[in-house]
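Each chain is listed here by its residues.
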Amino acid sequence: MKKVLLFTALAAALTASFAQANEKLVVAATPIPHAEILELVKPTLAKEGVDLEIKVFTDYVQPNVQVAEKRLDANYFQTLPYLENFNKGKGTNLVTVVGVHVEPFGGYSKKIKKIEDLKDGATVAIPNEGSNSGRALLLLQKAGVITLKDPTNALATPKDIASNPKHLKFKELESALLPRVLDQVDLDLINTNYALEAGLNPAKDALIIEDAKSPYVNFLVARPDNKDSDAIQKLSKALTSPEVKAFIEKKYNGAVVPAF
C-alpha cells in the first residue's frame, strides 16, 4: 500500500512539474514583422518552459478584443497611442508590457516620384483608425503638404486640417486595405507591417517616412491581471534580447527599428 501511495505521489509530482514546465501562452500578432519575431523567440521560450502559440490576425481590433475577453493572453502589434485610443473607445483596460520596435510610417505612390509632385486635387489614402489617421496627417504636415489646427494632435482626422493648399482629397480606409488601393490613389499612407506584406520596402519605396526618432513604438500588450506573470515576463525578456535586435536589424534593413 505504501508503494502504491508513493508511486501515486511521485506520478502527481511529475505531472505537476510537467504542466508547470509547459505553460501555454497564446499571443495575437499581425503577420509581418510581429509574428515573424515571435516565431524567432519560440524555441527560446520552449527551453524556459513556455509553449508559445501565435495567433495571426490581419486586423487591429480582434487582437485587443480577444485579450480583453481572456480568450488570448497577450498581443503584439500596436503603438501606445493606438492602445490608449482603443481602451478609451471600447472601455477596456489593456496595458503595455514592453516596447519592442518602431516601424517608421511611410507614404507611397505609383503615380509620382517625390512628394512635391502631388497635383492640386490629388487623392490621398490614409488609415481610418484614430491614432493611425493622426499619424498619417502628422507625417503629411511634417512634409509640408498640410497644416493641422493642432500641430501635435496624434488623433487628428481630415476635419482637423487647418490648411490644405493643394486641395487634397482624403480617402479613409481600414489599415489592412490601404495597400490594395495603391494603384488607385496619388499617395497612400500605409502602416509598415502592411507595406511589408505587400512587398514594399519602406526604406527604399516610401516618398515620405518617419525617422528613427518616431515615438510610435510597437508594444507587447497584456491585461493587468497577467502582465506580471512568469510566462509574460519571459516573453518580454525574449523580445528584447540581443538575438531579436540582431534579427530585426538584419532582416528588415531599416524598415523595422529596435526600440531597446
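Reading guide: rules and limits
Residues numbered from 1 in each chain as written. Predicted model: local features only at pLDDT ≥ 70, side-chain atom pairs only at ≥ 80, totals over all residues. Heavy atoms only, no water. Pairing = 2+ DSSP bridges. Helix = DSSP H or I, 4+ residues; strand = E, 2+ residues; numbered from the N terminus. Contact = heavy atoms within 4.5 Å. Axes fitted to C-alpha atoms, helices over the stretch in contact; angles between N-to-C directions. Core = buried A, V, L, I, M, F, W, Y, C linked by side-chain atoms within 4.5 Å. Buried < 20%, exposed > 50% of the residue type's maximum accessible area, 1.4 Å probe, protein only. Salt bridge = Lys/Arg side-chain N within 4 Å of Asp/Glu carboxyl O. Parallel < 35°, antiparallel > 145°, perpendicular 65-115°, else oblique. Left-handed = near helix turned anticlockwise from the far one by under 90°. Arc of directions from axis to C-beta. Phe/Tyr/Trp six-rings, centres within 6.5 Å; stacked < 30°, edge-to-face > 60°.

## Observations concerning the sheet that holds strand S1 (residues 23-29)
And step 1. An order of S2-S1-S3-S12-S4-S13 is seen for the 6 strands of this open sheet, with the pairing classed as mixed. Whereas interior strands pair on both sides, the edge strands pair on one side only; in this sheet they are strand S2 (50-56) and strand S13 (257-258).
And step 2. Sheet contacts for helix H4 (residues 80-90): strand S3 (74-79), strand S4 (95-102) and strand S12 (217-222); angle to S3, the most-contacted strand, approximately 110 degrees.

## Quick look at the nonpolar core
And step 1. Within the largest apolar cluster, 29 residues are counted, with the highest numbers of intra-cluster contacts made by Leu25, Leu38, Val41, Leu52, Leu235, Leu239 and Tyr252.
And step 2. Those elements giving two or more residues to this core turn out to be S1, helix H2 (31-47), S2, S3, S4, S12, helix H8 (230-239) and helix H9 (242-252).
And step 3. Setting aside anything within four residues of it in sequence, one finds Leu239 in contact with Ile37, Leu38, Val41, Tyr76, Val100, Leu220, Val244 and Phe260.
And step 4. If you look at the next biggest cluster of nonpolar residues, it comprises 22 residues, including Ala122, Val124, Leu139 and Val145.

## Some thoughts on the sheet that holds strand S9 (residues 169-173)
And step 1. Read from one edge of the open sheet, 5 strands run S9-S6-S10-S5-S11, paired in mixed fashion. Of all strands in the sheet, those with a lone pairing partner are S9 and strand S11 (208-209), marking the two edges.
And step 2. Where strand S6 (residues 123-127) and S9 come together, 5 bridges link them in parallel fashion. Counterpart to Val124 in the pairing with S9 is Phe170.
And step 3. Contacts from helix H5 (residues 130-142) reach strand S5 (106-108), S6, S9, strand S10 (187-190) and S11 within the one sheet, and its direction differs from that of S6 by about 135 degrees.

## Observations concerning the pairing of S3
And step 1. Along S3, 6 of the 6 residues are buried, which leaves the element largely enclosed by surrounding structure.
And step 2. Here 3 bridges tie S1 to S3, and the two strands are oriented parallel to one another. Each residue of the ladder has a partner; that of Ala29, found in S3, is Tyr76.
And step 3. Pairing between S3 and S12: 4 bridges, direction antiparallel. Each residue of the ladder has a partner; that of Gln78, found in S12, is Phe219.

## Focus: the pattern of salt bridges
And step 1. Within this structure, the stated rule accounts for 9 salt bridges.
And step 2. A salt bridge links Glu53 to Lys24; the shortest N-O distance between them is 2.8 Å. Taken as a pair, Glu53 in strand S2 and Lys24 in strand S1 lie far apart in primary sequence, 29 residues in all.
And step 3. The class of Lys24 is partly exposed, set by a relative accessible area of 49%.
And step 4. The partner of Lys114 in a salt bridge is Asp117, and the shortest N-O contact between them spans 3.4 Å.
And step 5. Lys114 sits in the partly exposed class, given a relative accessible area of 46%.
And step 6. Three or more residues are tied together by salt bridges with common partners; here these are Lys24, Glu53 and Lys55.

## Quick notes on the packing of H2 against H9
And step 1. Where H2 contacts H9, the axes come no closer than 11 Å and their chain directions differ by 140 degrees. Considering their axes alone, H2 and H9 lie oblique with respect to each other. Like other packed secondary-structure pairs, H2 and H9 cross with a definite hand, here right-handed. Contacts from Ile32, Pro33, Glu36, Ile37, Leu40, Val41 and Thr44 in H2 reach Glu243, Val244, Phe247, Ile248, Lys251 and Tyr252 in H9.

## Observations concerning H8
And step 1. Listing the buried residues of H8 in full gives Ala231, Ile232, Leu235, Ser236, Ala238 and Leu239. End-on view of H8: buried residues confined to an arc of 165 degrees, all on one side of the axis.

## So, the side chain of Thr30
And step 1. Mapping Thr30 onto the fold places it in the loop between S1 and H2.
And step 2. The exposure class assigned to Thr30 is buried, which follows from its relative accessible area of 0%.
And step 3. Apart from residues no more than four positions distant in its own chain, Thr30 is found in contact with Ala35, Phe57, Asp59, Tyr60, Tyr76, Phe77, Asn193 and Tyr194.

## Details of unusual backbone geometry
And step 1. The omega torsion across Ile32 and Pro33 is 0 degrees, close enough to zero to call that bond cis.
And step 2. Here Pro33 shows up in helix H2.
And step 3. At Asn253, a residue that is not glycine, the phi angle is positive and equals roughly 50 degrees.
And step 4. Mapped onto the elements, Asn253 comes out in the loop between H9 and S13.
And step 5. Residue classification places Asn253 among the exposed residues on the basis of a relative accessible area of 52%.

## Points about the packing of aromatic side chains
And step 1. A complete count under the given rule lists 6 aromatic pairs for this structure.
And step 2. Between Tyr60 and Tyr194, the aromatic rings sit 5.3 Å apart at their centres with planes inclined by 35 degrees, giving tilted as the arrangement. Here Tyr194 lies in helix H6 (residues 192-197) and Tyr60 lies in the loop between S2 and helix H3 (62-68), a separation of 134 residues in the sequence.
And step 3. Classification of Tyr60 by relative accessible area gives buried; the value is 7%.
And step 4. Centroid distance Phe247 to Tyr252: 6.0 Å. Interplanar angle 85 degrees. Geometry classified as edge-to-face.
And step 5. Given the relative accessible area of 21%, Phe247 is considered partly exposed.
And step 6. Residue classification places Tyr252 among the buried positions, given a relative accessible area of 6%.
And step 7. Chaining the aromatic ring pairs together yields one cluster made of Tyr60, Phe77, Tyr82, Phe86 and Tyr194.

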